[in-house]
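Listed here are the chains, written in short residue letters.
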Amino acid sequence: MFLNRKNWGKMATEQKVHVFEEVSKHNSNKDCWLIINGKVYDVTPFMEEHPGGDEVLLSATGKDATNDFEDVGHSDSARELMEKYYVGEIDVSTVPQKRAYVPPQQPQYNHDKTSEFVIKILQLVVPLLILGLAFVVRQYVTKE
């Protein structure tokens, strides 16, 4: 649906305003909504057809995906295709400015570093033992 004078008033009165919390719940293969340029799109039917795969669409859920969408450089036909997935507007006051940073899970810090120390010692001792063994074998073989 192209916005022109005829359908602008009609579309403006039919718009549903969604809150961010509601839209962010739609984040699966079977129910995927995106926020792009202040509009909400239900892209679930497009998941399998998306050239970048469904993972790209799923990674854009739960946030304002405008930058993700614009960075790719979508064609005019892709922008027109979006219109059929339009489900309403987003209440911009409910969209968080920045997503809270969640640090990745890391293994426990090894305070005594025993295993690292043992590995370093072995890296030094094993070659020396091999050289020593080679020297002893050479001495034994040359005496006979």
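What counts as what
Residues numbered from 1 in each chain as written. Predicted model: local features only at pLDDT ≥ 70, side-chain atom pairs only at ≥ 80, totals over all residues. Heavy atoms only, no water. Salt bridge = Lys/Arg side-chain N within 4 Å of Asp/Glu carboxyl O. Helix = DSSP H or I, 4+ residues; strand = E, 2+ residues; numbered from the N terminus. Buried < 20%, exposed > 50% of the residue type's maximum accessible area, 1.4 Å probe, protein only.

Draft legend 1. Here's a closer look at the pattern of salt bridges. Within this structure, the stated rule accounts for 3 salt bridges. A salt bridge links Lys-39 to Glu-89, with the shortest nitrogen-to-oxygen separation between them at 3.9 Å. In this pair, Lys-39 is assigned in strand 4 (residues 39-42) and Glu-89 in strand 5 (residues 86-90), connecting sequence segments 50 residues apart. Residue class for Lys-39 comes out partly exposed when judged on its relative accessible area of 25%. On the basis of relative accessible area, Glu-89 is assigned to the buried category, the value being 16%. Of the charged contacts, one joins Asp-68 and Lys-63 as a salt bridge, the two residues approaching to 2.8 Å between their closest N and O atoms. In this structure Asp-68 comes out as partly exposed when scored by relative accessible area, which is 32%.

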